[in-house]
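Observations on the three-dimensional arrangement
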Amino acid sequence: ISVDNEEKIKTFPNTISQYCAVDLICDREPAQSKSGLSFTSNEERLLSVIKREDDLQTDKRQRPVIHTFFNRIAPSKKGTGMSGKSDEEHVAAWKEQWSNAGWDPVVLNLEDAKKHPRYNEFVKTLENVPLMGGNNGLNKVYNQLCFLRWMAMAAAGGGWMSDYDVIPLRHIEEEEYSNHNNAFLPNDGFFTVYSVVRGTDQGVPCLMSGSTEEWEKMAFKIVENGATHPEELMWSDMFALMDLRHQNLQNELFIYEDKVIPGQDVLLGHYWSKEDCTTTKNYRAVHFSHHAVKAGNLIGVEPEHGDDWDKLNARSEILQNWHRMWKQVCEETKEDGN
């Protein structure tokens, strides 16, 4: 405990009284601190609380940040199949999972994108990207936001970003990469995509990392690619990233790695055994996308809602049920050295 904090406690007589009231103990016997200053046991208790808070703040600063992007959309303007309540439950589950793995989860939104000095330039180009899609363009706002998240990341200073339905399979202590500007970025901050369409070089933008400059570079590459496809009904940021592979033959724009396992590949329809743990062995995260919960076998991870539940709106519960099962089986396997 620093002398500064010991001095700080002298300004907290009311707080000390509150702690006494809560603990129902008002021990006023003096105690000697390591610095030689005398405090009552209640004051020492408060110093201990302050120290724990300081330690938590230090721990938080040392954690690498993982971002996601979420911006509420009016029900009349979205066709994702997710209710507002389900979206919020998903964001909460995402934060919990990444925090438990040693990260500092941060949720960005449209206001963050607007902070970028080139935001207006970006939006002007975005106006030329076809985003109508099906359902009479019901998902146009959602598709716009998928592009704008790239600007939000550039404005936030770059780093890591995942979709809110991607959860980690490793604790941060198991990762090995350089500390680039305190962001723990692989490949010296060069833009990296960690999910690909199986067996191809087509990147899926569900888990990515890069420096501030790399995020700005890729944001404009993505939106400019979209603007070159006016003949399409809809050209998403994922389509744009996939299309950029034609300009990325020698990894000039980004590096891609197959490190995110699709959710349907872990939804096996039975309680996991130790043998199943090899399924996730070489991956850093799992993606419980819309498609994953539709294509996967949900036996064993179903939500506790009886027969009346919807797969998409139950995604956060499915995700958490699966992760609890996986952790119980596979973390024990890791500890056993198998």
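Located above this text is the structure these notes cover.
Here's what I pulled together on the structure shown here. (Residues numbered from 1 in each chain as written. Predicted model: local features only at pLDDT ≥ 70, side-chain atom pairs only at ≥ 80, totals over all residues. Heavy atoms only, no water.)

1. Looking at the overall build of the protein chain
When helices and strands are counted, the protein chain shows 11 helices and 11 strands. Nonlocal contacts in the protein chain, meaning residues at least 24 apart in sequence, comprise 72% of its contacts between residues at least 6 apart. Split by element, the accessible area of the protein chain, about 17400 Å² in all, is 48% carbon and sulfur. (Helix = DSSP H or I, 4+ residues; strand = E, 2+ residues; numbered from the N terminus. Contact = heavy atoms within 4.5 Å. Areas by Shrake-Rupley, 256 points an atom, 1.4 Å probe, with all protein chains shown as cover.)

2. With respect to helix H6 (residues 119-126)
Structurally, the α-helix is built with 3.6 residues per turn, so residues lying three or four positions apart point the same way. Of all the positions in H6, only Tyr119, Phe122 and Leu126 are classed as buried. Down the axis of H6, the smallest arc covering the buried residues is 65°, so these residues share one side. Opposite the packed face of H6, turned more than 90 degrees from it, sit the exposed residues Asn120 and Lys124. As for H6, its buried residues are in contact with helix H5 (110-114), helix H7 (140-155) and helix H8 (212-227). (Buried < 20%, exposed > 50% of the residue type's maximum accessible area, 1.4 Å probe, protein only. Arc of directions from axis to C-beta.)

3. So, unusual backbone geometry
Positive phi, normally seen in glycine, also occurs at Asn187, with a value near 55°. Assignment of secondary structure puts Asn187 in the loop between strand S6 (166-168) and strand S7 (192-193). For Asn187, a relative accessible area of 33% corresponds to the partly exposed category. Here Asn251, not a glycine, exhibits a phi torsion of approximately 60°, which is positive. Structurally, the position occupied by Asn251 is in the loop between helix H9 (237-243) and strand S9 (255-256).

4. Describing the sheet that holds strand S11 (residues 285-287)
Spatially, 3 strands are ordered S6-S11-S10 in an open sheet, and the strand pairing comes out mixed. The sheet is open, and its two borders are formed by S6 and strand S10 (260-262), each paired with just one other strand. Going across the sheet, the axis of each strand differs from the next one's by a mean of 25°, ignoring polarity. Note that S6 and S11 share 3 bridges and pair antiparallel. (Pairing = 2+ DSSP bridges. Axes fitted to C-alpha atoms, helices over the stretch in contact; angles between N-to-C directions.)

Take it as geometry only, folks, not as evidence of what the structure does.
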